[in-house]
Amino acid sequence: ITRIDNKIINKFKLLDNYPNPFNPSTSLEYEIPEVCFVTLGIYDIRGKEILTLINEKQHKGRYSVSFNAEGLNSGVYFYRLMTEKFCLTKKMVLLK
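Residues numbered from 1 in each chain as written. Predicted model: local features only at pLDDT ≥ 70, side-chain atom pairs only at ≥ 80, totals over all residues. Heavy atoms only, no water.

Q: How do you make sense of the packing of aromatic side chains when you look at a structure like this?
A: Each aromatic ring pair is described using two quantities: the centre-to-centre distance and the angle formed by the ring planes. Counted under the stated rule, the structure contains 3 aromatic pairs. Between the aromatic rings of Phe-12 and Phe-86, the centroid separation amounts to 5.3 Å while the plane-to-plane angle is 10°, which identifies the pairing as stacked. Taken as a pair, Phe-12 in the loop between strand S1 (2-5) and strand S2 (13-14) and Phe-86 in the loop between strand S7 (75-82) and strand S8 (87-94) lie far apart in primary sequence, 74 residues in all. One exposure class covers both Phe-12 and Phe-86, and it is buried. Between Phe-22 and Phe-67 the ring centres are 6.1 Å apart and the planes differ by 65°, which places this aromatic pair in the edge-to-face class. Note that Phe-22 is positioned in the loop between S2 and strand S3 (25-32) and Phe-67 in strand S6 (residues 61-68), a separation of 45 residues in sequence. Residues Phe-22 and Phe-67 agree in their burial class; the two are buried. Directly above the aromatic system of Tyr-43 lies the positively charged group of Arg-80, at a separation of 4.7 Å from the ring centroid. (Phe/Tyr/Trp six-rings, centres within 6.5 Å; stacked < 30°, edge-to-face > 60°. Helix = DSSP H or I, 4+ residues; strand = E, 2+ residues; numbered from the N terminus. Buried < 20%, exposed > 50% of the residue type's maximum accessible area, 1.4 Å probe, protein only. Lys NZ or Arg CZ within 6 Å of the ring centre and 35° of its normal.)

Q: Even after reading the chapter, I still don't get the sheet that holds strand S5 (residues 49-58), so can you show me in this structure?
A: To summarise the sheet geometry, strands pair through backbone hydrogen bonds and adopt either a parallel or an antiparallel arrangement. Ordered by their spatial adjacency, 4 strands build an open sheet running S5-S4-S7-S8, and the pairing between neighbours is antiparallel. Looking at which strands have only one partner, the edges of the open sheet turn out to be S5 and S8. Within the sheet, the average angular offset between the axes of one strand and its neighbour, ignoring direction, is 15°. Pairing geometry for strand S4 (residues 36-43) and S5, over 8 bridges, is antiparallel. Its bridge partner being in S5, Leu-40 is matched across the sheet by Ile-54. (Pairing = 2+ DSSP bridges. Axes fitted to C-alpha atoms, helices over the stretch in contact; angles between N-to-C directions.)

Q: Can you help me understand the pairing of S7 in this one?
A: Side chains on a regular strand alternate between the two faces of the sheet. As paired elements, S4 and S7 share 5 bridges and run antiparallel to each other. If you follow Leu-40 over to S7, its bridge partner there is Leu-81. Alignment of S7 against S8, held across 8 bridges, turns out to be antiparallel. If you follow Met-82 over to S8, its bridge partner there is Cys-87. Hairpin geometry of S7 and S8 is characterised by an intervening segment of 4 residues between the two adjacent antiparallel strands.

Q: Can you walk me through the side chain of Thr-83 in this structure?
A: Within the element layout of this structure, Thr-83 appears in the loop between S7 and S8. Note on Thr-83: relative accessible area 14%, which makes it buried. At a separation of 3.2 Å, a polar atom in the side chain of Thr-83 contacts the main-chain amide nitrogen of Lys-85. (Polar contact = N/O pair within 3.5 Å; in protein donor to acceptor, adjacent residues only side chain to side chain.)

The structure is reproduced here in structure tokens:
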């Protein structure tokens, strides 16, 4: 996990992963406007959690996390950012 900067951020934001489709890794970026407990998880098409990338208290800022899906099959996966005040899920495609 990398904290990119602490510019003025006034809302929660989950950005699109890049690249998408990807093989075998992609970057996930998000912004949080306040200190809070953050969970970032990866889910399969059935909603089963495959991996938790982040599960910790973080400071205000923009963050980037690399996700390596080397052991997973091709297909559609989801990533979900959750805090006490925010929850958003987005789709990504793994092509091998």
